[in-house]
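Chain residues, written in single-letter form:
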Amino acid sequence: MTIRLFNEGDKSQAICPHCRKRVGTTFARRTVPFSDGRGTVKDLLVAVCDECDSVVATPAQSTPAIQDARKRAVKPIEAQLPAIYLDVLDLAAYEIDRHSTTAFRKALMALYLHRYASGESPAEELREACLSARRAYKEQRGAARRRLSLKVTPRTLQDLRELAQDTGMSQSDVIRAVIFRIQADVLDAPRPALMRELKTLSLIAA
C-alpha cells in the first residue's frame, strides 16, 4: 500500500468536529498542542478546515514528528544526595569524555536506568549497589549535600519509577545505586568495550 504524501497548500476533505460536517481542507504548518495539553509540536503538517480554520486531521507523514516531540517532552528527576555522589558522577563523565557537558551526565544516567529497567542488567545489582554505596559513603549529620536535577524524557522517568517499584527502593536510593554502578564500571574497573560505547554516547549527547 502506497502512503500518500502531502505538501503545504494541498487540498483534501475531512469531517470537521467544529463545523460538524464534511468540509474542504488545506494542508498547512501549525503549532499543535498534544491532546493532554502537555506540550506542543511546532511546524506540524496538518489539514486545516477551509471554513473555520481549525485543525481537523493529521497525515501519516506527521506521525514521526509527533512521536519525536513526545519523547522530547522533559520531566524532572530530582534528588538531594550527599555531595560525593555528584562528584562521582561528574568524575565518571569526565573520565569518559573530558569535553563532556552536563547533557552527558543526563544521558549516562538514562542509559544505566534503561539497562536495569529493561532487564539487560539484573535489577538485583541495584539493591546490592545501594547497600555498598551507603557503606562506602556514610551519611554523617551535617555533611554537604547537593541537588541532582535532570530533565529527562518520560521514558527515562518511567524506567526510574519501575526500578523503584521492582526493587522496593526509593527513587533516591535507585539513583544512589546507579551512580555507584557507574563508579564501578568507569572509575574502579573500566572495561575497554564499555568505555568505547560510553565515549560514543558522549559524542551523541554533546
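Structure's up top.
Report on the accompanying structure. (Residues numbered from 1 in each chain as written. Predicted model: local features only at pLDDT ≥ 70, side-chain atom pairs only at ≥ 80, totals over all residues. Heavy atoms only, no water.)

1. Quick word on the packing of helix α5 (residues 154-167) against helix α6 (residues 171-188)
The following threshold applies: A fitted line through C-alpha atoms serves as each axis, taken over the contacting stretch for helices, and the angle formed by two N-to-C directions is quoted from 0 to 180°. Counting from the N terminus, the helices are DSSP H or I runs at least four residues long and the strands are E runs at least two residues long. What sets the label is the angle itself: under 35 degrees gives roughly parallel, over 145 gives roughly antiparallel, 65 to 115 gives roughly perpendicular, and the rest give oblique. Here, two residues are considered to be in contact whenever any of their heavy atoms come within 4.5 Å of each other. Classes in brief: Ala, Val, Leu, Ile, Met, Phe, Trp, Tyr, Cys and Pro nonpolar; Asp, Glu, Lys and Arg charged; the others, Gly included, polar.
The interhelical angle for the contact between α5 and α6, taken along N-to-C directions, is 100°, at an axis separation of 9 Å. Considering their axes alone, α5 and α6 lie roughly perpendicular with respect to each other. Across the interface between the two elements, Leu160, Arg161, Leu163, Ala164 and Thr167 from α5 touch Gln171, Val174 and Ile175 from α6. When the residues that make up the contact of α5 with α6 are grouped by side-chain class, the tally is five nonpolar, two polar and one charged.

2. Side note on the nonpolar core
One recurring pattern in soluble globular proteins: nonpolar side chains tend to sit buried together. The cut-off we apply is this: Here, nonpolar core means buried Ala, Val, Leu, Ile, Met, Phe, Trp, Tyr and Cys residues that are tied together by side-chain atoms lying within 4.5 Å of each other. Residue exposure (1.4 Å probe, protein chains only): buried if accessible area is under 20% of the type maximum, exposed if over 50%, otherwise partly exposed.
Formed by 41 residues in total, the largest nonpolar core has its most connected members in Val174, Ile175 and Ile182. Secondary structure elements with two or more residues in this core: β5 (75-82), α2 (83-96), α3 (102-117), α4 (124-136), β6 (145-152), α5, α6 and α7 (192-205). Top contributing element to this core by residue count: α6, with eight residues. Every residue in contact with Ile182, bar those within four places of it in the chain, is listed here: Leu89, Ala92, Leu108, Met109, Tyr112 and Leu187.

3. Focus: unusual backbone geometry
Even without a glycine there, the phi angle at Asp43 is positive, about 55°. Following the sequence through the fold, Asp43 ends up in strand β3 (residues 40-49). The exposure class assigned to Asp43 is exposed, which follows from its relative accessible area of 57%. Even without being a glycine, Asp53 presents a positive backbone phi close to 65°. Of note, Asp53 is situated in the loop between β3 and β4 (55-57).

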